[in-house]
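Summary of structural features
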Amino acid sequence: MSGGPDVFSCGAEVFARAFGEELSPRVAERVAAYGIRCRRMAREERDGWLRKIVATLLEAQLSRAGERRLGDWENGWQENLDRFLAEPCASSLVPGYFGKYAALRLNGELVAPASAGCEHDMLAALQDWLFDAWLAKAPAVYEFGCGTGHNLSRVRRANPEARLYGCDWAGSSNRLVEAIGQSGLLGRVAARRFNIFEPDAALRLEPGAAVYTVASLEQVGEGFRPFLDYLEDNRPSVCVHIEPVAELLDPKRLLDYLSIRYFEKRGYLSGFLDELRRREALGRVEILKAQRTNVGSLFIEGYSTVVWRPR
């Protein structure tokens, strides 16, 4: 991708603005190492992408999230498993949905990626910030809806000692996480079969464990309550969610409005933060952080952050 006067580096200052707080020196160093670069768009280019978003929202048929998509995820993670078995490296774990469009969301604007792997690296920067703050001291960390397991490496970087568990309802995901552990790419990692729609009460979290999700609750729509009940019952030390949260966006802003409409069109996570607030008012949970992160993909700002714990 070419450079030019409109290309800018996305280092600690850019992400500090996005996240609303300064990054620690350790996280700032990690973010700088990604070498993330973006390009500012001219109005005509931006309008072209806005037209694409609107046209997509007007489509009569647009696949919706939900339990019926298990087969899609089985097939998707199997593709990554096949790649990983052929070439056991971190790049083989990156899901295919990253980098589909030459447009991203950053600090309230549409920008064009100008570095390889830009979209994936922007999410990695967000994870470095959150995991360093919330997961660094947990004796065990569980990711629910782990997919290819590609997020677990950022947990390991923040917490070198924790036992890591990649939990997913897709068998291909379970096999991939097992292969990651056997390859030596990531130590002390194990796979667990788990359906967020129908949590298995027999899977008990280790004492003091931390929990996180990344764009996996996205797929459950309004069906997240059994999972919240499961977490309350298991009492993890902290729960970190990087998910689409409409309650944190501003429908008076065009990009936010289009994001919310896309959530609705696809049947993405709905009412999650409002339910946590209801449970907090009842004294059942404590919300530690709830904020937008100003980072997203073409269609949505889908990486808002909610951190909470059972009381």
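Here, every reference points to the structure presented above.
Residues numbered from 1 in each chain as written. Predicted model: local features only at pLDDT ≥ 70, side-chain atom pairs only at ≥ 80, totals over all residues. Heavy atoms only, no water.

**Comments concerning the layout of surface pockets**
The volume enclosed by the largest pocket comes to roughly 1200 Å³. The wall of the largest pocket is formed by 49 residues, among which W73, Y97, E218, Q219 and Y268 lie closest to the centre. At the level of secondary structure, the elements contributing two or more residues to the lining of the largest pocket comprise α4 (70-86), α5 (118-134) and α9 (254-266). Taken together, the residues that form the lining of the largest pocket break down as 24 nonpolar, 15 polar and ten charged. (1 Å grid on protein atoms, 1.4 Å probe; cavity = no way out; pocket = protein on both sides within 12 Å on 5 of 7 lines; lining within 4 Å. Points joined across faces, edges and corners; volume = space filled by probe spheres on them. Helix = DSSP H or I, 4+ residues; strand = E, 2+ residues; numbered from the N terminus. Nonpolar A, V, L, I, M, F, W, Y, C, P; charged D, E, K, R; others polar.)

**Remarks on the packing of aromatic side chains**
Taken as a whole, this structure holds 19 aromatic pairs when the rule is applied. Where F144 meets F227, the ring centres are 5.2 Å apart and the plane angle is 65°; that geometry is what we call edge-to-face. Of this pair, F144 sits in strand β5 (residues 140-144) while F227 sits in helix α8 (residues 225-234), placing them 83 residues apart in sequence. Note on accessibility: F144 and F227 belong to one class, buried. (Phe/Tyr/Trp six-rings, centres within 6.5 Å; stacked < 30°, edge-to-face > 60°. Buried < 20%, exposed > 50% of the residue type's maximum accessible area, 1.4 Å probe, protein only.)

**Details of the pattern of salt bridges**
For the structure on display, the rule yields 22 salt bridges. E232 is the partner of R284 in a salt bridge, and the nearest nitrogen-oxygen pair spans 2.9 Å. Of the two residues, R284 is situated in the loop between α10 (272-281) and β10 (285-291) and E232 in helix α8; the sequence distance between them amounts to 52 residues. What makes E232 buried here is its relative accessible area of 16%. (Salt bridge = Lys/Arg side-chain N within 4 Å of Asp/Glu carboxyl O.)

**Details of the nonpolar core**
Residues F15, M122, L135, V141, Y212 and V295 are the most contacted members of the largest nonpolar core, which totals 52 residues. It is α5 that provides the largest number of residues to this core, a total of eight residues. Excluding residues within four positions of it along the chain, V141 makes contact with L135, V155, A162, R163, L164, Y165, A210 and Y212. Residues F224, L269, F272 and L276 belong to the second largest nonpolar core, which totals 34 residues. (Core = buried A, V, L, I, M, F, W, Y, C linked by side-chain atoms within 4.5 Å. Contact = heavy atoms within 4.5 Å.)

**Concerning the side chain of H120**
Looking at where H120 falls in the secondary structure, it is placed in helix α5. Judged by relative accessible area, which is 13%, H120 ranks as buried. Ignoring sequence-local partners within four residues, the contact set of H120 consists of V94, F98, H150 and R154.

**Here we look at the sheet that holds strand β1 (residues 7-9)**
Backbone hydrogen bonds hold the strands of a sheet together, and the pairing may be parallel or antiparallel. Strands sit in the order β1-β2-β4-β3-β11 across an open sheet of five strands; the sheet is antiparallel. At either margin of the open sheet sits one strand with a lone partner, and together these are β1 and β11 (295-296). The strands touched by helix α3 (residues 43-57) are β2 (37-40), β3 (104-106) and β4 (109-113); relative to β4, the strand with the most contacts, the crossing angle is about 105°. (Pairing = 2+ DSSP bridges. Axes fitted to C-alpha atoms, helices over the stretch in contact; angles between N-to-C directions.)

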